[in-house]
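Working through the structure, step by step
Residues per chain, in single letters:
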Amino acid sequence: MYLSEHLILHQSDSVEYASKHICAFEGSTVEISCTYTYPPWISYKKTVVQREFWFTKLKDKNPLDLREDPDYAGRVTYRCSEQSCSLRISGLRLNDFAEYKFRFETNQPGGSSTGSPGVFLTATDLQVLTEIMEGSSVTLTCSCDANPPAKFRWYKNNQTLLHEDPRLILWSVQRSDSGKYHCVAENKLGEAASDYVFINVEYPPETSSVSVSPSAEVLEGSSVTLTCSSDANPAANYTWVKDNRPLLSEDKVHFSSIRSEHSGNYSCKSENKHGQSSSTPLLLDVQYPPRIPSVSVFGKISKGSSVTLTCSSDANPAANFSWYKKDEDSPKASGPNWTISDFRTPDLNCLKLSDPKRKVNIFFWGCH
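Nothing here was measured: the structure is a model prediction, and the numbers come from that model.

Each value, and the rule that gives it
- Residues numbered from 1 in each chain as written.
- Predicted model: local features only at pLDDT ≥ 70, side-chain atom pairs only at ≥ 80, totals over all residues.
- Heavy atoms only, no water.
- Salt bridge = Lys/Arg side-chain N within 4 Å of Asp/Glu carboxyl O.
- Helix = DSSP H or I, 4+ residues; strand = E, 2+ residues; numbered from the N terminus.
- Buried < 20%, exposed > 50% of the residue type's maximum accessible area, 1.4 Å probe, protein only.
- Pairing = 2+ DSSP bridges.
- Axes fitted to C-alpha atoms, helices over the stretch in contact; angles between N-to-C directions.
- Core = buried A, V, L, I, M, F, W, Y, C linked by side-chain atoms within 4.5 Å.
- Disulfide = S-S within 2.5 Å.

**As for the pattern of salt bridges**
- Taken as a whole and assessed by the stated rule, the structure comprises 17 salt bridges.
- Close ionic contact of Arg-51 with Glu-105 constitutes a salt bridge, the shortest N to O distance being 4.0 Å. With Arg-51 in strand 6 (residues 49–55) and Glu-105 in strand 11 (residues 99–106), this residue pair connects regions lying 54 residues apart in the sequence.
- For Glu-105, a relative accessible area of 21% gives the class partly exposed.

**Some thoughts on the sheet that holds strand 1 (residues 14–17)**
- Spatially, the four strands line up as an open sheet ordered 1-3-10-9, and their pairing is antiparallel. Looking at the sheet topology across the chains shown, the edges are occupied by strand 1 and strand 9 (76–81). When strand polarity is set aside, the average angle formed by the axes of neighbouring strands in this sheet is 20°.
- Note that strand 3 (residues 30–37) and strand 10 (residues 84–89) share six bridges and pair antiparallel.

**Focus on the nonpolar core**
- Counting 26 residues, the largest nonpolar core has Trp-54, Leu-66, Leu-87, Ile-89, Tyr-100, Phe-102 and Leu-121 as its most contacted members.
- Secondary-structure elements contributing two or more residues to this core are strand 1, strand 2 (21–24), strand 3, strand 6, strand 9, strand 10, strand 11 and strand 13 (119–123).
- If one sorts the elements of this core by residue count, strand 3 sits on top with four residues.

**What about unusual backbone geometry?**
- A cis amide bond links Ser-213 to the next residue, Pro-214, at an omega of 0°.
- In this chain, Asn-233 is followed by Pro-234 through a cis amide linkage whose omega measures 5°.
- Within the secondary structure, Pro-234 sits in the loop between strand 24 (224–233) and strand 25 (237–242).
- Even without being a glycine, Asp-243 presents a positive backbone phi close to 50°.
- Take Asp-243: it is sitting in the loop between strand 25 and strand 26 (245–246).
- Positive phi outside glycine occurs at Asn-244, with the angle close to 70°.
- By secondary structure assignment, the location of Asn-244 is in the loop between strand 25 and strand 26.

**With respect to the pairing of strand 34 (residues 322–325)**
- Two strands pair when backbone bridges link them, and strand 34 and strand 35 (residues 331–334) are joined in this way by three bridges, in the antiparallel orientation. The residue bridging Trp-323 from the neighbouring strand is Ala-333, located in strand 35.
- Linking strand 34 back to strand 35 in an antiparallel pair, the connection comprises five residues, with Asp-327 at a positive phi of about 65°.

**Topic: the sheet that holds strand 22 (residues 203–213)**
- Taken together, three strands build an open sheet; the order of strands is 22-24-27 and the sheet is antiparallel. This sheet does not close on itself; its edge strands, each paired only once, are strand 22 and strand 27 (252–255). With strand direction ignored, the average angle separating the axes of adjacent strands in the sheet is 10°.
- Note: strand 22 against strand 24, seven bridges, orientation antiparallel. By the bridge assignment for strand 24, Ser-211 is matched with Thr-227.

**Here's the deal with the state of the cysteines**
- Enumeration according to the criterion identifies three disulfides in this entry.
- Disulfide pairing places Cys-142 opposite Cys-183 at an S-S distance of 2.0 Å. Taking the torsion about the sulfur-sulfur bond, which here is approximately 60°, the covalent link between Cys-142 and Cys-183 counts as right-handed. Placement of Cys-142 in strand 15 (residues 138–143) and of Cys-183 in strand 19 (residues 179–187) is noted, with a sequence separation of 41 residues between them.

What follows is the structure, given as structure tokens:
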């Protein structure tokens, strides 16, 4: 009688796995699930499940619950309900790729069953060449142990690529090929996605340029910043040159209060491990009002003689000059030189100089 009951129980117990082969990527999280059945009653005795667990190896000839396996400590969780149970493993390691089996035990005599064969967890291998230079070729290879054999799909930045081979070959890669790639392996039993791999296409600096901010007239005393920029990967290092003389190694040159002596031709060199590029020189033209001018006299200062007065002043832009006689508001002449051909003004002891553009009046004394 008991033998008959045992046979009935053994024949009725079963474990079905949702997938026989699962591909996953090292470091990722995977979930394996199954359903199981058993006779609800045997000889008027209700069947009660007393234990359910997953295992990969034996301890003292008995299956070792993964929750008790130190190799899986803190990485394994079960989610079980009536006649179903799933195993979740996080942070997959190389040693985790193995055959996983589910076992349940009941209160009936001989009432235990293990689903065999189990679920084979294999690694999805995504290989990519590093140090990718623009113009070179690169091959991405996706492989997955599956039965029936898997088909593959490729994605770039989560957008489907029209490519379904296990290998994705990029001929003469361009910087636009940079991005994150992954593959998906699929058969009729399920699918698994690889982790992302970032393709970083490197290239030497190009189109180095210098810009100035603010872009309006550069006035003495204002705050001015020169910026060097270039398209490069990896990011370029910058070196500044002023009038063919090395200046500093930064991406910016900042003047909190710019002065006239900062005027000049500025250029920058962008450089990374793949090459370098130099910008076209930029003329930084610092403008400022006239400095205190000086007046010189040519000719003998005597009645009836010819006398030339010359005025000079450092200014940017160049100053305009006007000559005035003492106590008169109307200019006597304009320009840096004033020639008096018939000197008959013994009271000419003061001349006034002005720069109308800057509205600066400068007085000169001691002209006789």
